[in-house]
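# Observations on the model geometry
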Amino acid sequence: MSKRSSLELYRLKKLIEELESKEGRGTELVSLYIPPGRQIADAMNNLREEYGTAANIKSKSTRKNVQDAIESIMQRLKLFKIPPPNGLIVFSGAIPRGPPGSEKIETYVIEPPEPISIYYYRCDSKFFLDPIKEMLAEKDIYGLIVLDRSSATFAILKGRRVDILETITSGVPGKHDAGGQSARRFQRLIELAAHDFYKRVAEHAEKHFLAIENLKGIIIGGPGPTKNEFYNGNYLHYQLQSKVISIEDLGYTEEPGVYELIEKAKEVLKDVELIREKNLVQEFLGLLVKSSNYVAYGENEVREKLEKGAVKILLISAGIEKYRIKYKCQSCGYEKEATIANKHDFSRETCEKCGGIMYEEERKSIIEELAKLAEETKAQVEIISTETSEGKMLLSSFGGIVAILRYVNE
Ligand code: ZN
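Note that this is a predicted model, so its numbers are computed, not measured.

## Some words on helix 5 (residues 183-209)
The terminal C-alpha atoms of helix 5, which comprises 27 residues, lie 38 Å apart, in line with the 39 Å expected from a rise of 1.5 Å per residue. Residues of helix 5 that are buried in the fold lie against strand 5 (141-147), strand 6 (151-158), strand 7 (161-169), strand 8 (215-222), helix 6 (226-232) and helix 7 (238-241).

## Here we look at the sheet that holds strand 1 (residues 29-34)
The sheet built from four strands is open, its strands ordered 3-2-1-4 with antiparallel pairing. Lying at the two open borders of the sheet, with one neighbouring strand each, are strand 3 (104-110) and strand 4 (120-124). Averaged over all neighbouring strand pairs, the angle between strand axes comes to 10°, with direction disregarded. Looking at chain direction, strand 1 and strand 4 are connected through five bridges and run antiparallel. When the bridges of strand 4 are listed, Leu-29 appears paired with Asp-124. Helix 1 (residues 6-20) rests against strand 2 (88-95) and strand 3 of the sheet, and its axis sits at about 150° to strand 3.

## Brief notes about the coordination of the zinc ion
Surrounding the zinc ion are the protein donor atoms Cys-329 (SG), Cys-332 (SG), Cys-351 (SG) and Cys-354 (SG), which sit 2.2 to 2.4 Å from the metal. Note that the zinc ion binds four donor atoms; their angles at the metal cover 102 to 116°, and the shape is tetrahedral. Written as a sequence motif, the donor residues of the zinc ion are C-x2-C-x18-C-x2-C. You can see Cys-332 sitting in the loop between strand 12 (323-329) and strand 13 (335-340) and its partner Cys-354 sitting in the loop between strand 14 (348-350) and strand 15 (357-365), a full 22 residues away along the chain. A relative accessible area of 42% means that Cys-332 is categorised as partly exposed. Cys-354 sits in the partly exposed class, given a relative accessible area of 42%.

## Some details on the domain arrangement of the protein
Partitioning the protein into domains gives domain 1 (6-136), domain 2 (141-271) and domain 3 (278-328 + 361-405). On a C-alpha basis, the centroid separation for the pair domain 1 and domain 2 is 47 Å.

## So, unusual backbone geometry
At Asn-214, a residue that is not glycine, the phi angle is positive and equals roughly 60°. On the secondary structure map, Asn-214 appears in the loop between helix 5 and strand 8.

## Things to note about the environment of Ala-152
Examined against the element boundaries, Ala-152 turns out to sit in strand 6. Measuring from C-alpha to C-alpha, the distance between Ala-152 and Glu-255 comes to 9.8 Å, with 103 residues separating the pair along the chain. Beyond its immediate stretch of four places on either side in the chain, Ala-152 contacts Val-146, Leu-147, Glu-166, Thr-167, Ile-168, Phe-197 and Val-201.

## Focus on the environment of Lys-343
Turning to its location among the elements, Lys-343 is positioned in the loop between strand 13 and strand 14. Among the residues examined, Lys-343 registers a relative accessible area of 48% and is labelled partly exposed. Along the primary structure Lys-343 and Glu-368 are separated by 25 residues, whereas in three dimensions their C-alpha atoms are 14 Å apart. Ignoring any residue separated from it by four or fewer positions in sequence, one finds Lys-343 in contact with Tyr-323 and Arg-363.

## Let's talk about helix 3 (residues 60-77)
The end-to-end C-alpha distance of helix 3, which contains 18 residues, comes to 26 Å, matching closely the 26 Å that a straight helix rising 1.5 Å per residue would cover. When helix 3 is considered as a whole, its buried residues turn out to be Thr-62, Asn-65, Val-66, Gln-67, Ala-69, Ile-70, Ser-72, Ile-73, Met-74 and Leu-77. The inward-facing, buried residues of helix 3 abut strand 1, helix 2 (40-54), strand 2, strand 3 and strand 4.

## Some words on the packing of aromatic side chains
Summed over the entire model, instances satisfying the criterion amount to twelve aromatic pairs. Ring centres of Phe-284 and Phe-398 lie 5.1 Å apart, and the angle between their planes is 90°; on these two criteria the pair is classed as edge-to-face. Residue Phe-284 is found in helix 8 (residues 254-290), and its partner Phe-398 is found in helix 11 (residues 389-398); the two are separated by 114 residues along the sequence. The exposure class of Phe-398 is buried, given its relative accessible area of 13%. Joined through ring pairs, the aromatic side chains of Tyr-33, Phe-91, Tyr-120, Phe-127 and Phe-128 make up one cluster. In this structure, Arg-122 packs its charged tip against the face of Phe-128, placed 3.8 Å from the ring centre. We note Arg-363 situated over the ring of Tyr-323; from NZ or CZ to the ring centre the distance is 5.5 Å.

What counts, and at which threshold
Residue numbers run consecutively from 1 along every chain, following the written order of its sequence. At least 70 in pLDDT is required for a residue's local features to be given in this predicted model, at least 80 for side-chain atom pairs to be given and counted, and no such filter applies to totals for whole chains, interfaces and linings, which use all residues. Hydrogens are left out, water is left out, and the side-chain values use all remaining heavy atoms of the structure. Helix and strand labels come from DSSP, where a helix needs a run of H or I of at least four residues and a strand needs a run of E of at least two; each type is numbered from the N terminus. Expected span of a helix: the number of residues minus one, times 1.5 Å. The criterion used for residue contact is that any of the two residues' heavy atoms lie within 4.5 Å. For two strands to pair, DSSP has to find at least two bridges joining them. Only C-alpha atoms enter the line fits that serve as axes; for helices the fit covers just the stretch in contact. Angles between N-to-C directions range over 0 to 180 degrees. Excluding water, the donors of a metal are its N, O and S neighbours within 2.8 Å, or within 3.2 Å for Na, K and Ca, and that exclusion means sites may look incomplete. Only four donors with every angle between 85 and 135 degrees are called tetrahedral; only four or six donors with opposite donors over 155 degrees apart and all others between 65 and 115 are called square planar or octahedral, in that order; all others are irregular. Any residue under 20% of the maximum accessible area for its type is buried, any over 50% is exposed, and the rest in between are partly exposed; the area is computed with a 1.4 Å probe on protein chains only. Residue ranges assigned to the domains are those given by an automatic or database domain assignment. Two aromatic rings, drawn from Phe, Tyr or Trp (for Trp, its six-membered ring), form a pair once their centres lie within 6.5 Å of each other, and the interplanar angle then sorts them: stacked below 30 degrees, edge-to-face above 60, tilted otherwise. Two conditions define a charge sitting above a ring: the NZ of Lys or the CZ of Arg must be within 6 Å of the ring centre, and it must be within 35 degrees of the ring normal.

Written out as structure tokens, the structure is:
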């Protein structure tokens, strides 16, 4: 899986949100998922068939809209000889702008972040977004070990899915097996058996977890002191040992223990997600205090630095709801840009050159506008959520827009 930047993810999520809000007048929005292994020509053949089938639709406007959508998709597919590495998703349909008859065909082509597994053609009143939404769900991978003196269970947590891999038993004798043996000798045997068991647990952990690319962390849990003995004894492969992010006390072992562990570790997992964001904001704050020439904040200052190519990292809050508007005067053609916080209403301005009316020519979210400037100058773009105190502060104290600079640019 290729690494997706926070900006790419943000853009895709925004697009999905937008597509989710769209609805056709009839069953006339087409969704097409083409897996990487599928020939474009195959998909084209299928679309031709669907086009033919659509001729039977009774409603004249629905029939026309479905066929127009299919035609639009075919035109877009012609641009591809073979599907991109992860396949291709196309959404197309007549989206109402106002009263009946105001619909316009909109077509969206998406190269998904992960391979598409199944070919889908759907025609519905909404776009079929479940597969792409599933791809965007958090998919970080964690290794889980639940152990006590008698058993160890290994599992993998991927997004919300849990795979229980195996349970091994220890053979370490319990206290009730002491029989007539001397307590000291028996204690020694138990320690040896436990040591062997921990070594086996580590071997199994290595087998299950070491090869996982992007393993975000390992969480260990179990009843009693065994889990700590295991962790403190450094039995795990050093690469795995360094990834242990939490040790949790549990009431259960084996499979129920795994589910208990996930519940207990939820807060920890969430924290791990947000640590990167926190660190980025902390880096900015640190510079602000120590060498404030290396930072910029606020929309205008940051835009100016971006235009000069002086920005190394642009941090933008995902919580910003502002738009950058390009206005054009209807009388003299004078153009200007301004930022507004209003999502829906189309605004107008009075021309400062001739007093005529200026209408909106173009509108972009401020995040998109600044991110584009950043990309043009190869600055790193980080979209920061408002889920951490740092993220909230970024939005409330700095308007959600700050930058770390490459060099001091007076
Ligand atoms: Zn004018």
